[in-house]
Amino acid sequence: MNKQTVHQLILDKLKIDLDIAERAAQTAYETATHEENIAENKYDTLGLEASYLAAGQARRVEEIRQALTLCQNLTLRPYDDQRGIQVGTLIGLEDEEGRQQWLFLGPDAAGLKVSLVGQPITVITPRSPLGRGLLGKFEGDEVEIVVAGARQQFAVTEAI
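Residues numbered from 1 in each chain as written. Predicted model: local features only at pLDDT ≥ 70, side-chain atom pairs only at ≥ 80, totals over all residues. Heavy atoms only, no water.

Per an unreviewed UniProt entry, the chain carries the name GreA/GreB family elongation factor and comes from Pseudomonas viciae.

Colleague: Where do I start with the domain arrangement of the chain in this structure?
Modeller: Accessible area lost upon the coming together of the parts is a frequently used measure of interface size. Taken domain by domain, the chain comprises domain 1 (3-73) and domain 2 (89-159). Here domain 1 and domain 2 have C-alpha centroids that lie 29 Å from each other. The interface of domain 1 with domain 2 comprises 13 residues on the first partner and 13 residues on the second. Around 1,100 Å² of area is buried between domain 1 and domain 2 when both sides are counted, 86% of it from carbon and sulfur atoms. Looking only at domain 1, the three residues that lose the most surface to domain 2 are Lys 3, Val 6 and Ile 10, adding up to 43% of its buried area. Along the contact surface separating domain 1 from domain 2 lie zero salt bridges. Scanning the region where domain 1 abuts domain 2 turns up zero residue pairs in polar contact (both at pLDDT 80 or more). Counting only elements with at least two residues in the side of domain 1 that touches domain 2, the list comes to α1 (3-33) and α2 (46-72). Sorting elements by how many residues they give to the side of domain 1 that touches domain 2 places α1 first, with nine residues. Across the side of domain 1 that touches domain 2, the residue classes break down as seven nonpolar, three polar and three charged. (Domains from an automatic or database assignment. Contact = heavy atoms within 4.5 Å. Buried area = accessible area lost by both parts, 1.4 Å probe. Salt bridge = Lys/Arg side-chain N within 4 Å of Asp/Glu carboxyl O. Polar contact = N/O pair within 3.5 Å; in protein donor to acceptor, adjacent residues only side chain to side chain. Helix = DSSP H or I, 4+ residues; strand = E, 2+ residues; numbered from the N terminus. Nonpolar A, V, L, I, M, F, W, Y, C, P; charged D, E, K, R; others polar.)

Colleague: So what exactly am I meant to see when it comes to the sheet that holds strand β6 (residues 150-159) here?
Modeller: As summarised here, the arrangement of the six strands in space is β3-β4-β2-β1-β6-β5, forming an open sheet in which the pairing is mixed. This sheet does not close on itself; its edge strands, each paired only once, are β3 (113-116) and β5 (142-147). Within the sheet, the average angular offset between the axes of one strand and its neighbour, ignoring direction, is 40°. In this structure, β5 lies alongside β6, joined through six bridges in antiparallel fashion. Bridging from a neighbouring strand, Ile 145 pairs with Gln 152 of β6. Its contacts with the sheet put α1 on β1 (90-95), β2 (100-105), β3 and β4 (119-124), and the angle it makes with β3 is roughly 135°. (Pairing = 2+ DSSP bridges. Axes fitted to C-alpha atoms, helices over the stretch in contact; angles between N-to-C directions.)

Written as C-alpha cells, this is what we have:
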C-alpha cells in the first residue's frame with residue numbers, strides 16, 4: 001500500500017464529488033428561481049421545494065469544499081512508531097472473524113471510499129468511535145468499540 005497514492009485518490013475523488021455537487025446545486029438554484037416555478041396558489045409548492053433542495057445542495061458543496069481543503073493541507077508523514085497512529089495514517093485492520101480492511105485516518109471526508117489495486121480503502125476521522133479508538137495505537141494493538149450496543153474488536157495489522 002502506498003499512502004501517497006491513496007491520499008491522491010482521495011483528493012481526486014473529492015474533486016469529482018465537488019464538481020458533481022456544484023452542478024447539482026446550480027441546477028437546483030435555476031429550478032428554484034425559474035419564472036415558471038412561481039407559485040400560482042398556496043398549494044403550488046414546486047418553487048419552495050426547489051429552494052429547499054438548492055439550500056441543501058449548497059450546504060453539501062461547502063462540506064465537500066471544506067473536506068477537500070483539509071485533505072489538501074494534510075501533510076503526510078511516515079508512520080512514527082513512537083507516536084502511533086495519527087491523522088494521515090493508512091491502517092490495516094482485522095476483525096474477530098479474520099476479515100481485513102484498510103482505513104485512512106483523515107481530517108475529514110468520513111465515509112469516502114477509494115480503491116487501490118482492487119483493495120477498498122475507507123476514510124474515517126478521529127470524530128468516529130473507531131477513529132478515536134485508533135489514535136495513538138500501534139501495530140499489533142487491539143481496538144475495541146461499542147456501536148449501537150454491539151462490541152466490536154479489531155487488531156491493527158499494519159500502520160503506514
